[in-house]
Amino acid sequence: MFREICRVLENAPVAPGHYALTLRSGRIARNARPGQFLQILCADSSDPLLPRPFSFLDAEHDRVSFLYHVVGKGTQLLSQVRPGEDLRVTGPLGHGFSCGTRRVVDRRFTSFALVGGGVGIPPLHHLAKTLVAPGSGVRPEAVHVFVGARERSLLLCEKEFKRLEVKLHVATDDGSKGHKGYVTEVLDEFLSKAHPLRTRVYACGPTPMLRAANGVCARRGVECEVSVEVPMACGFGACIGCAIKVKDTSAGAAPDAYRYALACQEGPVFKGGDLAWE
Amino acid sequence: MGVNLETRIGKLKLKNPVLTASGTFGHAKEFEKFIDLSRLGGIVTKTITVKPRLGNPPPRIVETPSGMLNAIGLQNPGVDKFVEEKLPYFRKIGVPVIVSAMGYTIEELVHVVRTVEKAGGIDGFELNLSCPNVSYGQKGKDTQVKMFAHDDAMIEAAVSAVRKVTKRTLLAKLGPDVSDIGRMAQAAERAGADGVSLINTFGAMAIDVRTRRPVLGNKTGGLSGPCIRPIAVRLTWEAARRVKIPVVGIGGIVTANDALEFLIAGASAVQVGTANFGNPAAPIEVLEGLARFLESEKIPRLTDLVGSLRA
């Protein structure tokens, strides 16, 4: 975990309301794991006061990139930052997907299903790229990526996934591309033909999608990891703000007992079965 | 540097006036990668209660203009686990450690202080009489006082009870949602507090207009950050005029200039809080800025500045 002032290399729109940001930092790029995030201060002011957390889209050589949606004042200001300017960042933070380090992938699994919606899609690109990295032993055809969006222009990272030569499955709410309906329906169809013990699912996106993905996996008996999005202040365990309800599995705990885990430290990636879904 | 930054709260000598505020500095360990903790004037721990607390349901935080609301709900491991697991690290840092204690009753408050007192190796206590995110004394909804800090008699009773079980430096942390902060500070002084720290967060609320629901899981929360600073400075000034014991100023301090306002208004020390979230080096930057200010203004001692308001 580092605090740095990073040079902005690129910051340009890639889809309606969505921007891709590239920062220079060798240290952060070397240490960033899929599913981890960086806290970025969007402005040197007291409003917005807090940094915003962004999961990595990619991390390579001396650069890290992110894909963000302009949703509020922070991201609005961020979208106006120009290449050559500097941003204050902290990271990489949190606990990412359990894909192992670059070269170590769990051999139990022969197929990987990555399911994402909205700005939950970009971190899956980082994950897919890591899974199929040279030497990992995972062939691109073993990696299935399921992306969902309201309509086709919001299907993020399509190009990037194609470049990795992974299998891409698409769903849109309006049917403008791929399956008309939820991406989790496509996932369910896929899992019905997959080997449950040799398949691992990774999900990142809005909570309803994560809940649905977790439900599908539970029914099919497949292991699932989900990356949650929770309001966060510090990102490194000091504010105790990013609480998420998880099952309390400590000795002697009641079956429905729960506790609050910090998404910034224990997460943002959790085992689907560990969360106390509501 | 040729300036003297030392200050005092009761018997406790601080090498500089910059402390970290309770609930904004985790258990200090979270910051060791960012700053040299031994440079701090002191550390106030996250509030500890008798029993472990799960904390409030999420969402627990929301950002507001130049500030944030939080309703963490005092998530903490309970005093026994704190003593066992967290305290050893604090002791090793080598700066004064002030344990923030809270109870739903005076008996509980005393229990927390007594337990930590027995463990030893700390420098003082700050009684959190003013957390806006939990309910105190549940009995009888109509007569319920929302927190100790809302009632001078309760402040006096709580501080007196704790005073009997510790000789260490004792601070009473006051809340802002009162009509006369001076009266509350005087109650703490009468009861034997070595100082008052103020101000805790303001009771506040944010609403999602589409769902018409409160944004926070706890419905209301505590407002902190730069947006409360001018009110906190005023409250510090009012309290400092009414008591002889030191005041520790808290509220939206981000820079040395902010800290100077509190010191000039009458605070003997300050706590940096919400700023730690966006900039974990904020307390050190405040400290360095204070030293630079004293030097450039040719003020030899920090204490020369305390309460030096020309009004």
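Residues numbered from 1 in each chain as written. Chains lettered and ligands numbered in written order. Predicted model: local features only at pLDDT ≥ 70, side-chain atom pairs only at ≥ 80, totals over all residues. Heavy atoms only, no water.

Draft legend 1. Up close: the interface of chain A and chain B. Contact with chain A, which involves 26 residues of that partner, is made by 33 residues of chain B. Buried surface at the junction of chain A and chain B, summed over both partners, amounts to about 2400 Å²; 67% is from carbon and sulfur atoms. Interface area lost by chain A to chain B is led by A:Arg3, A:Leu49 and A:Tyr260, which between them contribute 26%. There are one salt bridge connecting chain A and chain B. Here A:Arg52 and B:Glu63 are joined by a salt bridge, their closest N and O atoms 2.9 Å apart. Counting across the chain A and chain B interface gives seven residue pairs in polar contact (both at pLDDT 80 or more). (Contact = heavy atoms within 4.5 Å. Buried area = accessible area lost by both parts, 1.4 Å probe. Salt bridge = Lys/Arg side-chain N within 4 Å of Asp/Glu carboxyl O. Polar contact = N/O pair within 3.5 Å; in protein donor to acceptor, adjacent residues only side chain to side chain.)

Draft legend 2. Just the pairing of strand 7 (residues 97-101) of chain B, in detail. Residue and element names in this part refer to chain B. With five of five residues buried, strand 7 lies mostly within the body of the structure. Along strand 7, one buried face is formed by Val97, Val99 and Ala101 and the opposite face, lined by Ile98 and Ser100, is buried too. Sheet analysis places strand 4 (residues 42-44) next to strand 7, joined by two bridges and oriented parallel. In the sheet register, Ile43 faces strand 7, and the bridge partner there is Val97. As paired elements, strand 7 and strand 8 (residues 124-128) share four bridges and run parallel to each other. Its bridge partner lying in strand 8, Ala101 is registered against Leu127. Once you follow strand 7 into helix 2 (residues 106-119) and on to strand 8, the crossover reads as right-handed. (Buried < 20%, exposed > 50% of the residue type's maximum accessible area, 1.4 Å probe, protein only. Helix = DSSP H or I, 4+ residues; strand = E, 2+ residues; numbered from the N terminus. Pairing = 2+ DSSP bridges. Right-handed = clockwise from strand over helix to strand, strands pointing away.)

Draft legend 3. Summary view of the confidence of the model for chain B. All names here are of chain B. Overall, the predicted model of chain B reaches an average pLDDT of 94, with 96% of residues at or above 70. Taken together, the stretch residues 138-143 has pLDDT below 50 and engages in one contact with residues farther than four places along the chain or on a different chain. Interface predicted TM-score (ipTM) for the complex: 0.92; the corresponding pTM is 0.93. (pLDDT = per-residue confidence, 0-100.)

Draft legend 4. Quick peek at the side chain of A:His126. Of note, A:His126 is situated in helix 3 (residues 121-131). In contact with A:His126, other than residues within four places in its own chain, are A:Ala32, A:Arg33, A:Pro34, A:Phe56, A:Leu57, A:Asp58 and A:Ala59.

Draft legend 5. The packing of aromatic side chains, seen in detail. Evaluation of the coordinates by the stated rule reveals 12 aromatic pairs over all chains. With a centroid separation of 5.2 Å and 35° between ring planes, the pair formed by A:Phe56 and A:Phe66 is classed as tilted. Here A:Phe66 lies in strand 6 (residues 63-69) and A:Phe56 lies in the loop between strand 4 (52-55) and strand 5 (58-60), a separation of 10 residues in the sequence. With a centroid separation of 6.1 Å and an interplanar angle of 45°, the aromatic rings of B:Phe82 and B:Phe90 are classed as tilted. Accessibility expressed as a relative area gives 0% for B:Phe82, which makes it buried. Using a relative accessible area of 0% as the deciding quantity, one classes B:Phe90 as buried. Grouping aromatic residues by their ring pairs yields a cluster made of A:Phe97, A:Phe109, A:Phe112 and A:Tyr202. Its end group placed over the ring of A:Tyr258, A:Lys245 keeps NZ or CZ at 4.1 Å from the ring centre. The positively charged end of B:Arg60 is found above the aromatic ring belonging to A:Tyr260, 4.8 Å away from the centroid. (Phe/Tyr/Trp six-rings, centres within 6.5 Å; stacked < 30°, edge-to-face > 60°. Lys NZ or Arg CZ within 6 Å of the ring centre and 35° of its normal.)

Draft legend 6. Seen up close, the sheet that holds strand 5 (residues 61-64) of chain B. All names here are of chain B. Here we have four strands laid out as an open sheet, ordered 5-6-14-11, and antiparallel in their pairing. Every interior strand has two partners, whereas the edge strands, strand 5 and strand 11 (202-205), have only one. On average, adjacent strands in this sheet sit at an angle of 40° to one another, irrespective of strand direction. Bridging between strand 11 and strand 14 (residues 220-224) involves four bridges; their strand directions are antiparallel. Paired with Ala204 across the strands is Gly221, a residue of strand 14. (Axes fitted to C-alpha atoms, helices over the stretch in contact; angles between N-to-C directions.)

Draft legend 7. A look at a nonpolar patch on the surface. Residue and element names in this part refer to chain B. A grouping of Met205, Ile207 and Val209 is seen on the molecular surface, where their side chains present a nonpolar patch of about 330 Å² in accessible area. By the secondary structure assignment, Met205 is in strand 11. Residue class for Met205 comes out partly exposed when judged on its relative accessible area of 48%. (Patch = residues over 30% accessible without salt bridge, like charges linked within 9 Å, V, L, I, M, F, W, Y side chains within 5 Å. Areas by Shrake-Rupley, 256 points an atom, 1.4 Å probe, with all protein chains shown as cover.)

Draft legend 8. A look at the packing of helix 1 (residues 79-93) of chain B against helix 2 of chain B. Residues and elements named next belong to chain B. Relative orientation of the contacting elements helix 1 and helix 2 amounts to 45°, with a least axis distance of 11 Å. It follows from the interaxial angle that helix 1 and helix 2 lie oblique. For the crossing formed where helix 1 meets helix 2, the hand is right-handed. When helix 1 is examined against helix 2, the residues Val79, Asp80, Val83, Leu87 and Arg91 are found in contact with a partner set consisting of His111, Val112, Thr115, Val116 and Ala119. For the contact of helix 1 with helix 2, the class distribution of residues is six nonpolar, two polar and two charged. (Parallel < 35°, antiparallel > 145°, perpendicular 65-115°, else oblique. Left-handed = near helix turned anticlockwise from the far one by under 90°. Nonpolar A, V, L, I, M, F, W, Y, C, P; charged D, E, K, R; others polar.)

Draft legend 9. Geometry of the side chain of B:Thr115. Residues and elements named next belong to chain B. By the element assignment, Thr115 lies in helix 2. A distance of 2.6 Å separates a polar side-chain atom of Thr115 from the backbone oxygen of His111. Look past the residues within four positions of Thr115 in its chain and what remains in contact with it is Val79, Asp80 and Val83.

Draft legend 10. Region of the structure containing the sheet that holds strand 12 (residues 199-204) of chain A. All names here are of chain A. With respect to topology, seven strands assemble into an open sheet ordered 11-10-9-8-12-13-16, the strand pairing being mixed. The sheet terminates laterally at strand 11 (179-180) and strand 16 (269-271), the two strands that pair on one side only. Most of the contacts of helix 3 go to strand 8 (residues 111-117), to which it runs at about 160°, and overall it touches strand 8, strand 9 (143-149) and strand 12. Of the strands in this sheet, strand 8, strand 12 and strand 13 (223-227) are in contact with helix 6 (residues 207-220), which crosses strand 12 at around 165°.

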